[in-house]
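Read off the chains here:
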Amino acid sequence: MKTREVTVINQGLEEEMEVWGYRPCLWKMVLVGVGAVCSGGLLLLLLYWLPEWAVKGTCTRTSLRDAHTLLLRTKDEFKQWFRAKVHVMLAPGKKPFDDLDLQSKTQLPNGDGDHSTEEELHGECLYGPSAQINYFTHHSMRYYWNDEIQNYEFYKGLEDVNVSCASIHSDHSAGLPKALQDYRRLFFGENEIAVIVPSLFKLLIMEVLNPFYIFQLFSVILWSAEDYYYYATAIVLMSFISIATSLYTIKTQYVMLHDMVAAHSVVRVSVCRGDKDVEQAMSTDLVPGDVIIVPANGMIMPCDAVLSRGTCIVNESMLTGESVPVTKTSLPSSGEEAAMSYNTEEHKKHTLFCGTHVIQTRFYSGELVKAVVVRTGFSTEKGQLVRSILYPKPTDFKLYRDAYLFLLCLVGVAGVGFIYTIVLSILSQVPAKTIIVESLDIITITVPPALPAAMTAGIVYAQRRLKRIGIFCISPQRINMCGQLNLVCFDKTGTLTEDGLDLWGIQRAENGSFFPPESEAAKESLVNTAFVACMATCHSLTKIEGELSGDPLDLKMFSATGWVLEEPTEEETALHNPIMPTVVRPPKPSVPEANQNNPLAQNMELSELPSREIGIVRQFPFSSALQRMSVVVRRLGDKHMDAFLKGAPEIVASLCKHHTVPQTFTETLETYTRQGFRVIALAHRQLESKLSWHKVQSLGRDLIETNMEFLGLIIMQNKIKQETAGVLCELRKANIRTLMVTGDNMLTAISVARDCGMVCPHDKVIIADAAPPKDFHPASITWHYTENPARTPTHNQTVEINLEEGMYHFAVSGRAFAVIAEHFPQLVPKLMVRATVFARMAPDQKTQLVEVLQSIDYIVGMCGDGANDCGALKRAHSGISLSELEASVASPFTSSTSNISCVPNLIREGRAALITSFCVFKFMALYSIIQYTTVILLYWILSNLGDFQFLFIDIAIILIIAFTMSLNPAWKELVWRRPPSSLISAPLLFSVLAQILTCLVFQVLAFLLVQQQSWYEKWTPQSDACNVFSANASDNITVTTPHNSKNIKNYENTTLFYVSSFQYLAVAIIFSKGKPFRQPSYKNWPFMLSCVTLYTFLLFIMLYPVPAIDNFLEIVCVPHDWRVTLVIIVAVNVAVSFLLEMLILDIILWRLVFRGNQGAARPTESSSADKLQVANDCWGQSFLSWLFCRRNKPPRTLYKQLALELQEDSDWPPKPSTVTYAVSPPSNISALL
């Protein structure tokens, strides 16, 4: 059959999926029904677990247009399958924004926009001209069929029609007629983020149908058939507890998420119907295009809406994690910006997001604050956040993939035992029922039912320990991933450095030259200067309940002026024409004592005050993309307005007249930024006197922010947090790379990186300054070498680069990152291996950076504190938010401490949890193989372990040990070595196989030796191996005879029970390792108490038999000499096991062979006492590497391969002042300038 072209939906988006159409096939459905009956429902279970099989097994392929069922597959690395049912909707149009004449219609085909009346119809249209529209729902999003593109698409909102900012004012500011609103609601549904809390019964069914519990059910049925009722009951009880715990956790998470979105789900809003009509409606009725009125006392936004009139003060902590109120202004209606297509991300300073709290509004007399709805329901920013929680991506961690492979190996071993049992039983003429039961029993022994619960225990314990130190986790599976982190990205401001900024000083400029730096801005001599006026007005501060609130930088800058901010009350705004709604003025000067009795002097001073008051007429909020903000103001008494600009120095200087920018601007800026200061530049422009207040309100910022006059610099000091340097040093010693990703200036970022130890004092920093193609010139990268403050070369010295580890770093700006990613893709991996500082990075670029680092096999952690980091926190393998606000739900981990000391704590706990997972997995694998060996040997003599023997081993030994061995806390410090990430790694395989062989050899040895003893015979109730035959032997006969039908009681059974019981304990202690990732086992008192108790009990019943216990465990009496022999066998077994694990694996092989897997050598020791040891290690490593065929084996991870290649590349890094040009096809052409 010819392969049809695959259709892709959501192309280019994160949720990109392939889609195939199917329709039901009668004969396939009949076959599946027959198969389900014949298999007792197992086929239906298989189809439930594998949706692609279910669809292909019951349907046939057809076109997407005619499909009744769709098969979806994600295009990411997980390749997840989903099935979706196609529904049919009747509507008078085919798209939500079609121009329809709905004014005269009172009834829509599907009712008045009510979802409950939507009909699933396949066939004739019942409403004449109405259109049938196919749609399906996937992950709370609706996808509609589009005949034009012959594919399904989803509608986000008003952005779908590519509407310009100006047209939102002209075409969408009046509101929608009721009929058009009802029509659009057919497509967009109710405006509600509906988190439906499933019923306990539904959750129970979903949990019970898990393959693990189905296997347990199969095991319980099988054991019941063998009359192993006690053990079956114990497993049922454990499963019940496990299911109940899981249901409680899942239900609690659903309820918490439901409560989080319930606050804004259903509220009453004022909706505009035309220019003047306003009606009250429920927020669930809103659709894109509706116009709502934002009340003066604020509201919690029920949708995403763009401000078309007025100004709002908004708390966006729910989305961004920053509790600082943000000023939102109306969308520009003229100028270049108004001609741009509206985009939620680009115009977020004008957009009110769903779930955010509008604290108060600024409005003008006779006007209302209005906003146009752009997105509703799950299409909103908060809806997308909730969807990411409801439908998370699977955790891609090698441990879990390898665990499945390991289980498959165990299934293979079980298959061998299955065939062995059948063949042996047939040869021994065992009844058919017994053959079936015992052969299936081998499978339940080999694949332990308690494995998942035991492996989860370590993660649960780690989560509790993290909670105790103030780190909260919403994704427990990621704790193990933290143990593998080899790179951590840090935001700068608020993460590495203090949140607040201190004003270090100002440096004014006039007539193209700088004044000397000044420490005070509130001096009387500066009050009337444009510089101080700019500091006092160019901000987004507001008063909330009488307190100034806003960005910390703005607060610090404004408070440094000593000025006062006054805002009009609601009554004043309504009574007056508010040309100046917000006024700033200097503090009233105290009248000198000499002038207090002179009315003329007082009047003269007071008469000067009005001229100092400045009203803020218009505000253009700070934009991270533009890196600036500006305001239009009018000084009382002046006939003209002024514009003030504040922002990144490079940006501000580019917008100023050249002659006003001092010639020493670059040198002065570098002087401050090299010292780690944060520098803000100010500029001023006097506007034309003909500009009226109304005209200013409609001007675009591009017309205001040009031809400015440079005013000078504000120098802010951003102190490094006390804990930062120590934590970064600890991470560096632990072989964990650290990066800085910030929106701040490049040289400031480099300076902070040096001060906190991210870049060592003598290391070189190379700035990759990339420029896009321009005027037929290709894109280029200029490589600048920054001066080394620790050792600056003289003019005639040549700069040389030492290519040893850590001797040079790349620094990349956001602009250069974008150019290099587009025009130099072959250089991106090379830069990533050595780049340490990323400056002026936009929020989406931070996310892209994390993705690039992951693409070269780094396990990436991200630590940040606010809005700019949310995307990167979600995308990283381990995101750690230092903000406890609601936005932290996007991050897997949230720390209650506002510094980076949480990072090493999290990595330590992650390493401990990962090692615990390995220990438990190895122990459970050995447990199943030891028990498998015992049963296989006993099957040889047509015997088996007894019910209470199984019960004692599985409950008293295995469960207690498995759950207590997970309690080891994390080691107190991070070490340079990282734990292995894979179960299929040489050290772990050697460990498991060595212990399996040891246990096998000693069990076989004991099995054969017992048969060689002089007293040995085929055991019967009359056997007298102990020479002890009391008068109550007849009673024993009556008790044991019924059990003897299964041949449980015999010498081989007793011998193997003793030996195997000690083997379980031995491997548990051997695998429960402490240093360097966990605390020693002797500090885990529950584990040690369990081991000592079990060892004591087993030794006691073996050397000094107790008849009651022997009868309970179905153990037979053996001579005392044989008991001593068993003690010797067990002791030798334990000694060999310890020798193989501790000496051979941990000391010799780990140190000399497997250490190369860690990717970086341990920091070299300078002590001369270690030279001989190092020489011996080198010799031993060479020999064993040759022996294990590991010589010259290339590293597996891509970043290690790149590092090795770059060490051998004589042209890397590029030489100082070298320019690399982009050519097509891509190649590097470098030339010295």
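Each value, and the rule that gives it
Residues numbered from 1 in each chain as written. Predicted model: local features only at pLDDT ≥ 70, side-chain atom pairs only at ≥ 80, totals over all residues. Heavy atoms only, no water. Helix = DSSP H or I, 4+ residues; strand = E, 2+ residues; numbered from the N terminus. Contact = heavy atoms within 4.5 Å. Areas by Shrake-Rupley, 256 points an atom, 1.4 Å probe, with all protein chains shown as cover. Salt bridge = Lys/Arg side-chain N within 4 Å of Asp/Glu carboxyl O. Buried < 20%, exposed > 50% of the residue type's maximum accessible area, 1.4 Å probe, protein only. Phe/Tyr/Trp six-rings, centres within 6.5 Å; stacked < 30°, edge-to-face > 60°. Lys NZ or Arg CZ within 6 Å of the ring centre and 35° of its normal. Arc of directions from axis to C-beta. Pairing = 2+ DSSP bridges. Axes fitted to C-alpha atoms, helices over the stretch in contact; angles between N-to-C directions. 1 Å grid on protein atoms, 1.4 Å probe; cavity = no way out; pocket = protein on both sides within 12 Å on 5 of 7 lines; lining within 4 Å. Points joined across faces, edges and corners; volume = space filled by probe spheres on them. Nonpolar A, V, L, I, M, F, W, Y, C, P; charged D, E, K, R; others polar. Patch = residues over 30% accessible without salt bridge, like charges linked within 9 Å, V, L, I, M, F, W, Y side chains within 5 Å. Core = buried A, V, L, I, M, F, W, Y, C linked by side-chain atoms within 4.5 Å. Parallel < 35°, antiparallel > 145°, perpendicular 65-115°, else oblique. Left-handed = near helix turned anticlockwise from the far one by under 90°. pLDDT = per-residue confidence, 0-100.

### Concerning the overall build of the protein chain
Regarding its fold elements, the protein chain presents 39 helices and 42 strands. In the protein chain, the share of contacts with a sequence separation of at least 24, taken over all contacts with a separation of at least 6, comes to 75%. For the protein chain, the computed accessible surface area is about 55,600 Å², with 58% contributed by carbon and sulfur atoms.

### Side note on the pattern of salt bridges
All told, the structure shown has 25 salt bridges when counted by the stated rule. Asp182 is the partner of Arg185 in a salt bridge, and the nearest nitrogen-oxygen pair spans 3.2 Å. Here Arg185 pairs with Asp182, and both are found in helix H5 (residues 178-188), just 3 residues apart, close to one helical turn. The class for Arg185 is buried, based on a relative accessible area of 5%.

### Looking at the packing of aromatic side chains
Here a ring pair, both rings aromatic, is described through the centre-centre distance and the interplanar angle of the planes. Throughout the structure, instances matching the rule amount to 34 aromatic pairs. When the ring of Tyr672 is compared with that of Phe677, the centres are 6.2 Å apart and the planes differ by 75°; the resulting orientation is edge-to-face. Grouping residues by exposure puts Tyr672 and Phe677 together as buried. Among the aromatic residues, ring-to-ring pairing joins Phe97, Tyr135, Tyr144, Tyr155, Tyr183, Phe187 and Phe188 into one connected group. A cation over an aromatic ring shows up here: Arg508 above the ring of Phe515, its NZ or CZ 4.6 Å from the ring centre.

### Here we look at helix H21 (residues 665-674)
Every buried residue of H21 is listed here: Phe665, Thr668, Leu669, Tyr672 and Thr673. Viewed end-on, H21 has its buried residues packed into an arc of 125°, placing them on one side of the element. Those residues of H21 hidden inside the fold are in contact with strand E22 (502-510), strand E23 (513-514), helix H20 (649-654), strand E31 (677-686), strand E32 (709-717) and helix H25 (746-755). Looking at the residues trailing H21, positive phi occurs at Gly676, about 90°.

### Things to note about the environment of Ile250
Tracing the chain through its elements places Ile250 in helix H8 (residues 229-262). Taking relative accessible area as the criterion, Ile250 reaches 24% and is therefore assigned partly exposed.

### Considerations on unusual backbone geometry
Lys1075 connects to Pro1076 through a cis peptide bond whose omega is 15°. Within the secondary structure layout, Pro1076 lies in the loop between helix H34 (1051-1071) and helix H35 (1085-1103). Geometrically, the link from Trp1212 to Pro1213 is a cis peptide bond, its omega value of 5° lying close to zero. Residue position: Pro1213 is located in the loop between helix H39 (1198-1208) and strand E41 (1218-1222). Located in the positive-phi region is Gln150, a residue other than glycine, with phi close to 50°. Note that Gln150 resides in the loop between strand E8 (141-146) and strand E9 (151-153).

### Thoughts on the side chain of Thr847
With respect to the helices, strands and loops of the structure, Thr847 is situated in helix H28 (residues 843-855). Given the relative accessible area of 13%, Thr847 is considered buried.

### Some points on the sheet that holds E22
Note: strands within a sheet are paired through backbone hydrogen bonds, in either parallel or antiparallel orientation. Taken in spatial order, the 9 strands of this open sheet run E23-E22-E32-E31-E30-E29-E28-E27-E26, and their pairing is antiparallel. Strands at the two margins of the open sheet, each flanked by one partner only, are E23 and strand E26 (564-566). Bridge count for E26 against strand E27 (residues 582-585) is 3 bridges, and the pairing is antiparallel. Looking at the pairing, Leu565 lines up with Val584 of E27. Against the sheet, helix H16 (residues 530-537) touches E22, E27, strand E28 (614-623), strand E29 (628-635), strand E30 (642-647), E31 and E32, its axis set at about 60° to E32.

### A few points about the layout of surface pockets
Space inside the second largest pocket adds up to approximately 900 Å³. Lining the second largest pocket we find 25 residues, and of these Glu650, Asn745, Met746, Asp769 and Ser813 sit closest to its centre. Only H20, H21, H25, strand E34 (764-771), strand E35 (780-785) and helix H26 (814-823) provide two or more residues apiece to the lining of the second largest pocket. Top element by residues in the lining of the second largest pocket is H21. It accounts for 6 residues. Grouping the constituent residues of the lining of the second largest pocket by class yields 9 nonpolar, 9 polar and 7 charged.

### Topic: a nonpolar patch on the surface
Among the surface-exposed residues, Leu46, Tyr48, Trp49, Trp53 and Met206 lie close enough to one another that they form a single nonpolar patch of about 510 Å² accessible area. In this structure, Leu46 sits in helix H2 (residues 42-49).

### Topic: the packing of H2 against helix H3 (residues 51-58)
The interhelical angle for the contact between H2 and H3, taken along N-to-C directions, is 115°, at an axis separation of 5 Å. Listed contacts from H3 to Leu46, Leu47, Tyr48 and Trp49 of H2 are Pro51, Trp53 and Ala54. Here the contact of H2 with H3 is built from residues that sort into 7 nonpolar, no polar and no charged.

### Remarks on the nonpolar core
Residues Phe923, Met924, Ile957, Ile958, Ile961 and Tyr1051 are the most contacted members of the largest nonpolar core, which totals 90 residues. With 19 residues, helix H30 (residues 902-940) is the largest single contributor of residues to this core. In this view, Tyr1051 contacts Val1010, Trp1015, Tyr1016, Glu1017, Trp1019, Ser1023, Ala1025, Val1116, Cys1117 and Val1118; residues no more than four positions away in its chain are not counted. Ranked by size, the runner-up nonpolar core spans 43 residues in total, among them Leu485, Cys756, Ile767 and Val837.

### So, the pairing of strand E4 (residues 69-74)
With 5 of 6 residues buried, E4 is to be regarded as a mostly interior element. Relative to E4, strand E2 (residues 17-24) runs antiparallel, the two being bridged by 6 bridges. Bridging across to E4, Glu18 finds its partner in Arg73. Pairing of E4 with strand E5 (residues 81-85) involves 5 bridges; the strand directions are antiparallel. The partner of Leu72 across the bridge, within E5, is Phe82.

### Here's the deal with the sheet that holds strand E13 (residues 299-300)
What the 4 strands build is an open sheet, ordered E13-E18-E15-E16; its pairing is antiparallel. The two strands at the open ends of the sheet, each matched to only one other strand, are E13 and strand E16 (326-328). Two strands pair when backbone bridges link them, and strand E15 (residues 311-315) and strand E18 (residues 357-362) are joined in this way by 5 bridges, in the antiparallel orientation. Bridged to Thr311 within E18 is Arg362.

### Thoughts on H3
Residues spaced three or four apart along an α-helix point in a common direction, a consequence of the helix completing one turn every 3.6 residues. For H3, the set of buried residues is Pro51, Glu52, Ala54, Val55 and Thr58. Buried residues of H3, viewed axially, fall in a sector of 160°; they line one side.

### Some thoughts on the pairing of E22
Two elements, E22 and E32, share 6 bridges in a ladder whose sense is antiparallel. Counterpart to Asp502 in the pairing with E32 is Gln717. Bridge count between E22 and E23: 2 bridges; the pairing is antiparallel. Bridge pairing in E23 links Glu510 to Ser513. In this antiparallel pair of consecutive strands, E22 and E23, the connection spans 2 residues, and Asn511 shows a positive phi of 55°.

### Notes on the packing of helix H31 (residues 947-964) against H35
Look at H31 against H35: their axes get within 8 Å of each other, and the N-to-C directions meet at 155°. Overall, the two elements H31 and H35 adopt an arrangement that is roughly antiparallel. Here H31 and H35 pass one another in a crossing that is left-handed. Residues Phe952, Ala956, Ile957, Ile960, Ile961 and Thr964 of H31 touch H35, and the partners they reach there are Pro1086, Phe1087, Ser1090, Cys1091, Leu1094, Phe1097 and Leu1098.

### Regarding the confidence of the model for the protein chain
Of all residues in the protein chain, 83% attain a pLDDT of 70 or more, and the chain-wide mean is 79. Low confidence marks residues 790-806, where pLDDT is under 50. Its contacts with residues over four positions away, or in another chain, come to 26 contacts. Note that residues 1156-1177 has pLDDT below 50 and, in this model, 18 contacts with residues that lie over four places away or in other chains.

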